[in-house]
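Coordinate inspection notes
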Amino acid sequence: MATPTTSSPRRPSRGPPPPTPLPPPRAPLPPRTRGVEETSLGLMPRYEDLNWTGLEKLSAARYAELARVDAAAWKDELASHDELFAKLGKRLPAALEARRDHMHQKLAA
């Protein structure tokens with residue numbers, strides 16, 4: 001009498017998992033959104049919407065200075081990203097390139 005054969009379960013591939021794509025750039029905020037403002041780098045909380053307990057000496061003017069986006073400095077930063085991305089060539093995930101392109105567009109506006 002023949003004995004039934006059992007097959008061993010397949011082992012998953014040992015390679016790294018595929019990269020997770022970045023979400024697409026955000027659409028403009030709907031008018032009902034409160035507590036954040038959109039900048040060229042993304043969303044930033046508004047001063048009045050943060051809890052400043054223990055940090056009462058940080059004025060709204062100082063917060064605005066700290067949260068300000070220096071477009072010229074960020075353009076320089078993105079130029080260094082461009083150099084790195086060029087070195088990566090076709091190995092660069094499309095989602096990263098799309099995100100970088102979006103940041104270039106936002107800073108140019």
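Before reading on, note that the structure itself is shown above.
Now for a description of the structure that goes with this document.

Another aspect to go through is the packing of aromatic side chains. Given two aromatic rings, one states the distance between the centres and the angle between the planes to describe the pair. This structure, assessed with the given rule, holds three aromatic pairs. Ring geometry for tyrosine 47 and tryptophan 52: centres 4.9 Å apart, planes at 25°, overall stacked. Owing to a relative accessible area of 21%, tyrosine 47 belongs among the partly exposed residues under this scheme. Relative accessible area serves as the criterion here: at 17%, tryptophan 52 is assigned to the buried category. Through successive ring pairs, a cluster of aromatic residues spans Tyr47, Trp52 and Tyr63.

Time to look at the pairing of strand E1 (residues 36–39). Bridge analysis of E1 against strand E2 (residues 42–45) gives four bridges, and the strand direction is antiparallel. Paired with valine 36 across the two strands is proline 45, which belongs to E2. Hairpin connection, E1 to E2: the antiparallel pair is bridged by two residues.

Let's shift gears to the pattern of salt bridges. A full pass over the atoms with the stated rule returns seven salt bridges. Here glutamate 48 ties to arginine 46 by a salt bridge, and the two come within 3.4 Å at their closest N and O atoms. Taking the relative accessible area as the measure of exposure, glutamate 48 reaches 54% and is therefore exposed. One salt bridge connects arginine 100 with aspartate 101, and the closest N-O pair in it is separated by 3.4 Å. The exposure class assigned to arginine 100 is buried, which follows from its relative accessible area of 12%. Salt bridges sharing common partners tie together Asp82, Glu97, Arg100 and Asp101.

Reading the values: the criteria
Residues numbered from 1 in each chain as written. Predicted model: local features only at pLDDT ≥ 70, side-chain atom pairs only at ≥ 80, totals over all residues. Heavy atoms only, no water. Phe/Tyr/Trp six-rings, centres within 6.5 Å; stacked < 30°, edge-to-face > 60°. Buried < 20%, exposed > 50% of the residue type's maximum accessible area, 1.4 Å probe, protein only. Pairing = 2+ DSSP bridges. Helix = DSSP H or I, 4+ residues; strand = E, 2+ residues; numbered from the N terminus. Salt bridge = Lys/Arg side-chain N within 4 Å of Asp/Glu carboxyl O.

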